[in-house]
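This is what each chain is made of:
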Amino acid sequence: MQESYPSPSAGSHSTDTQQQGCALFVRTLRFRLIALGFLANLLLVGMMLLIMLFSWEHSTRQALQVRSYEVRQLLQAVLQEPLRYEDYPRVVDLVNQSFTQSDLLYLAVENQQGQQIALLQQSQIIPSPSRQQEALASVSLLFSLSEGVYQRSVITDGGKVIGQVSYVLSLQTATAALKTLLLQVLLVMVVSILLLGLLTALIGLWIGRPLSALIRAARAIADGDYQASLPPSNANEIGRLAAAFAQMRDALREQMSTLRQQRETLHAIADYTYAWEMWLNREGKLYWLNPSVERITGYRAEELLNEKVRLLDDIIHPEDGEQVRDYISQAIRQQSAGQGFQFRMRHRDGRIIWVIANWQPLYSQERRFLGLRASLLDYTSQKQADLALQQAITELQAVQQENELHLRQAQREQARLRALFSSLQVGVVFVDHEDRIVYANPAFAQLWGLPPAPVLNQYPLPSLLPQLFAQPQVDNVVREFEVDAGVILTAFNVPVSGEENGRLWVFQDVTDERAYAEQLRVLAERDTLTGIFNRRRFQHDIEHYLYQAQQQQHSLAILLFDLNRFKQVNDTYGHAAGDQVLVEIARTLGYILRTGEWLYRLGGDEFAILLPDADLEAAAVVAQRVQDHIAQLPFMFEGQTCHVGSSIGVAVFPQHASDTMMLTAVADAAMYEAKKRGGQWCVFDAQQMSIPCSDSEPNSLKDASSSIVD
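Rules used throughout
- Along every chain, residues carry numbers that run from 1 in the direction the sequence is written.
- In view of the model being predicted, local features appear only for residues whose pLDDT reaches at least 70, and side-chain atom pairs are presented and counted only at 80 or more, with totals across whole chains, interfaces and linings using the full set of residues.
- Excluded from the side-chain calculation are hydrogens and water; included are all heavy atoms of the structure.
- Only DSSP runs of H or I with at least four residues qualify as helices, and only runs of E with at least two residues qualify as strands; both kinds are numbered from the N terminus onward.
- Any residue under 20% of the maximum accessible area for its type is buried, any over 50% is exposed, and the rest in between are partly exposed; the area is computed with a 1.4 Å probe on protein chains only.
- By the convention used here, residues are in contact when the closest approach between their heavy atoms is within 4.5 Å.
- All accessible areas in this document rest on Shrake-Rupley with a 1.4 Å probe, and a residue is counted as covered only by the protein chains that are shown.
- Whenever two N or O atoms come within 3.5 Å, that pair is a polar contact, provided that in protein one can donate a hydrogen and the other can accept it, and provided that, for residues adjacent in sequence, both atoms are side-chain atoms.
- Any two strands are treated as partners once DSSP identifies two or more bridges connecting them.
- Angles shown run from 0 to 180 degrees and are taken between the N-to-C directions of axes, each axis being a line fitted to C-alpha atoms and, for helices, limited to the stretch in contact.
- With respect to orientation, any angle under 35 degrees is reported as roughly parallel, any angle over 145 as roughly antiparallel, any angle of 65 to 115 as roughly perpendicular, and every other angle as oblique.
- By the definition used in this description, the sense in which the near helix is turned from the far one sets the handedness, with an anticlockwise turn below a right angle giving left-handed and a clockwise turn giving right-handed.
- Think of it as three bins: nonpolar holds Ala, Val, Leu, Ile, Met, Phe, Trp, Tyr, Cys and Pro, charged holds Asp, Glu, Lys and Arg, and polar takes everything else, Gly as well.
- Two rings from Phe, Tyr or Trp (for Trp, the six-membered ring) form a pair when their centres sit within 6.5 Å of each other. Planes less than 30 degrees apart are called stacked, planes more than 60 degrees apart edge-to-face, and all others tilted.
- What makes a nonpolar core is a set of buried Ala, Val, Leu, Ile, Met, Phe, Trp, Tyr and Cys residues whose side-chain atoms join them at distances within 4.5 Å.

Student: In this structure, what is going on with the overall build of the chain? I would like to understand it.
Tutor: If you tally the helices and strands in the chain, you get 19 helices and 22 strands. Counting across all 710 residues of the chain, residues that qualify as buried make up 37%. In the chain, the proportion of contacts linking residues at least 24 apart, taken out of those at least 6 apart, comes to 51%. On the chain, roughly 43400 Å² of surface is accessible, and the fraction owed to carbon and sulfur atoms is 55%.

Student: Would you take a moment to explain the side chain of Glu-597 for this structure?
Tutor: Structurally, Glu-597 is set in the loop between helix H16 (575–592) and strand S16 (598–603). At 2.8 Å, the side chain of Glu-597 and the backbone nitrogen of Arg-594 are in polar contact.

Student: Whenever I open this one, the sheet that holds strand S1 (residues 104–111) confuses me. Can you help?
Tutor: Neighbouring strands of a sheet are bound in pairs by backbone hydrogen bonds; such pairs are parallel or else antiparallel. Overall, antiparallel pairing links the four strands, which are arranged S2-S1-S4-S3 in an open sheet. Of all strands in the sheet, those with a lone pairing partner are strand S2 (116–121) and strand S3 (148–157), marking the two edges. In this sheet, neighbouring strand axes are inclined to one another by 10 degrees on average, regardless of whether the strands run parallel or antiparallel. Across 10 bridges, S3 lies against strand S4 (residues 160–170) in antiparallel orientation. Its bridge partner being in S4, Asp-157 is matched across the sheet by Lys-160.

Student: In this structure, what is going on with the packing of helix H14 (residues 535–552) against helix H18 (residues 660–676)? I would like to understand it.
Tutor: In a packed pair of helices, the relevant descriptors are the angle between the two axes and the axis-to-axis distance. Where H14 meets H18, the closest approach of the two axes is 10 Å, and the angle between their N-to-C directions is 115 degrees. On the basis of their axis angle, the class for H14 and H18 is roughly perpendicular. Where H14 crosses over H18, the handedness of that crossing is right-handed. Taken together, the residues of H18 that come into contact with H14 (itself represented by Phe-538, Ile-542, Glu-543 and Leu-546) are Thr-660, Leu-663 and Thr-664. Split into classes, the residues belonging to the contact of H14 with H18 amount to four nonpolar, two polar and one charged.

Student: Explanation requested: the sheet that holds strand S10 (residues 427–431) in the structure shown.
Tutor: Read across the open sheet, the five strands follow the order S11-S10-S14-S13-S12; overall the sheet is antiparallel. With partners counted over all chains shown, the strands left at the sheet margins are strand S11 (437–440) and strand S12 (479–482), one partner each. Going from strand to strand, the sheet's axes swing by 25 degrees on average, the running direction of each strand aside. Where S12 and strand S13 (residues 488–495) come together, four bridges link them in antiparallel fashion. Bridge pairing links Arg-479 to Ala-491 in S13.

Student: I tried to follow the packing of aromatic side chains on my own but got confused; where do I start?
Tutor: Each aromatic ring pair is summarised here by two numbers: the centre-to-centre distance and the angle between the ring planes. A complete count under the given rule lists 13 aromatic pairs for this structure. Ring plane angle 10 degrees and centroid distance 5.9 Å describe the contact between Trp-505 and Phe-507, whose orientation is recorded as stacked. Of the two residues, Trp-505 and Phe-507, both sit in the buried class. Among the aromatic residues, those joined into a cluster by ring pairs are Tyr-327, Phe-341, Phe-343 and Trp-359.

Student: For this particular structure, what's the right way to read the side chain of Glu-303?
Tutor: Structurally, Glu-303 can be placed in helix H7 (residues 301–305). Accessibility expressed as a relative area gives 10% for Glu-303, which makes it buried. A distance of 2.8 Å separates a polar atom in the side chain of Glu-303 from a polar atom in the side chain of Arg-348. Excluding its chain neighbours within four sequence positions, the residues that come into contact with Glu-303 are Lys-308, Val-309 and Arg-348.

Student: When you look at the nonpolar core in this model, what are you seeing that I'm missing?
Tutor: It is characteristic of soluble globular proteins that their nonpolar side chains tend to be buried jointly. Within the largest apolar cluster, 37 residues are counted, with the highest numbers of intra-cluster contacts made by Leu-559, Phe-561, Val-581, Ile-585, Val-626 and Val-650. For this core, the secondary-structure elements that each account for two or more residues are strand S15 (556–564), helix H15 (566–573), H16, strand S17 (606–612), helix H17 (616–632), strand S18 (635–637), strand S20 (645–653) and strand S21 (681–685). Beyond its immediate stretch of four places on either side in the chain, Ile-585 contacts Leu-563, Ile-630, Leu-633, Phe-635 and Val-644. Counting residues in hydrophobic clusters, the runner-up holds 28 residues, among them Tyr-299, Ala-301, Ile-328 and Ala-357.

Structural data, given as structure tokens:
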């Protein structure tokens, strides 16, 4: 007979079950109540223990202080007379007699000169220099490991120190009392914890049993058993909870019954609808669809709901997939309805079918958006007929368009020959080999102020316009002629092949083009708001004047500045107010700047002033003048008077930089340093970044310029 042994897997399963049971118990309300009560009781008992211990220490410390005072008074009375007469043998006898006091472990006496004349001790306690400073009030009796407390006092006679005495009071009696007290407190603590833990466990069991019954009933209701038993109802909180739970169970049973009836009704309607009905949730995922999908696509509803077959990837035609995704995303995002959207699908057997879709948003009773309801109908037969008809119409339209194109081309060619030269805005003249006019269009006569074109036929062109022949004729070379009142005409000629071997002359009025080109040049260099030079002109001029300064070896200064509080004006009164500030400042600076001092607007509220052949002192004068005038300008907006300031950066060639880019950069750095210092003007300094100069007189800049690093 073979013995049977439990399998290792069975033992492991039992251990896992026990571990799971323990883990579940730890998360229960019963365990939390027990643990919380236990910790609260433990904290309470611990606080009581600490209170008792500190009370004992306080009482013991007071007793030691009283005893220490008594010992000092006794030693003062006993040792005063022998120390006064330096009777040291008697001091030794008195010290020996003092050890009859059981609480003195150590006693040492020193004379007035600090020499030890008597020493007796009952233990190995030897005072050290660090302990000689120790006082009774600084010793913790609870945690002290010493046998006694060290004290030191002086022996006086009529206010004169005649000796010192050191002694140690024993702590043995206090330590023994502490040990007895600790044992008693620990015993009381253990008993209290056990009793309170038992009481907490009973309370947790009393509360946990009905809660466990409620949990079992809730699980039964979740599984569909609405007849699950509940704890009896009573006046306490758990009883009221059980009564409320019973009401919830009855209401849930009625609602589930109603919901089942509604679901059966809805399925009866939806499942037998001819169209393919579907419900897309708020994420665009398929949530529900009726069986008509199988009739239209050949796929069963379960296959799409379980995502064995994906609607957008496997059924919708690849060429229409992106458009369908866009329509679905837009409809969900805008919660909008739509109809008549046609697209292609792939049937299970591989053929292509056309469907037409209509959709509308779905909402709950609380008007919460649930997704889209879409209805799809098979539109394949109608679509094929529409495509065939459309193809036939397209072919007929193509034939008609081709015929109309040929007809229009013939008409256009005929019209071109009649109206080309008459409608041209340029003058056109054909001459024969003797330079007699064969044909001239009306524009030719108008440009040159000649009689109408028909009168000019067979007239020699050199007689009419001798200036054309003042120079040898060169083919395809454009020449310009200035006519009356500043009118500018261009003329060129080309030979015409043929029997006559004549020439074609073409004349064009370019007066407006030249004026427009000049206007474009001005606009390209001027700021459209203020009318002063812009950044492009600034870049051109600074390179030009810097080149001159390098060649002639003289200085060149630039001032870069922007406006303080300009953004506040813009934000408070609007951009129109800001534009008014810019225009007024540009106008004012245009008045105060002298000949050879050039003002530019670089963009926004940033301006520049270019000073050719100006040194640092001259630049400082201009900077102070600009800053003063800008600060004094008043602006009235909405009944309020406003002022703006300026932050100016000054840089001079060649002291600060040797090229335009670096010169502009150092001036910009000085401007930002000025703005950081509250709005003034600053000169660039390579070591200190910038030197504020707005508080100094211009003449003093000769001294300051010596500190500027090239």
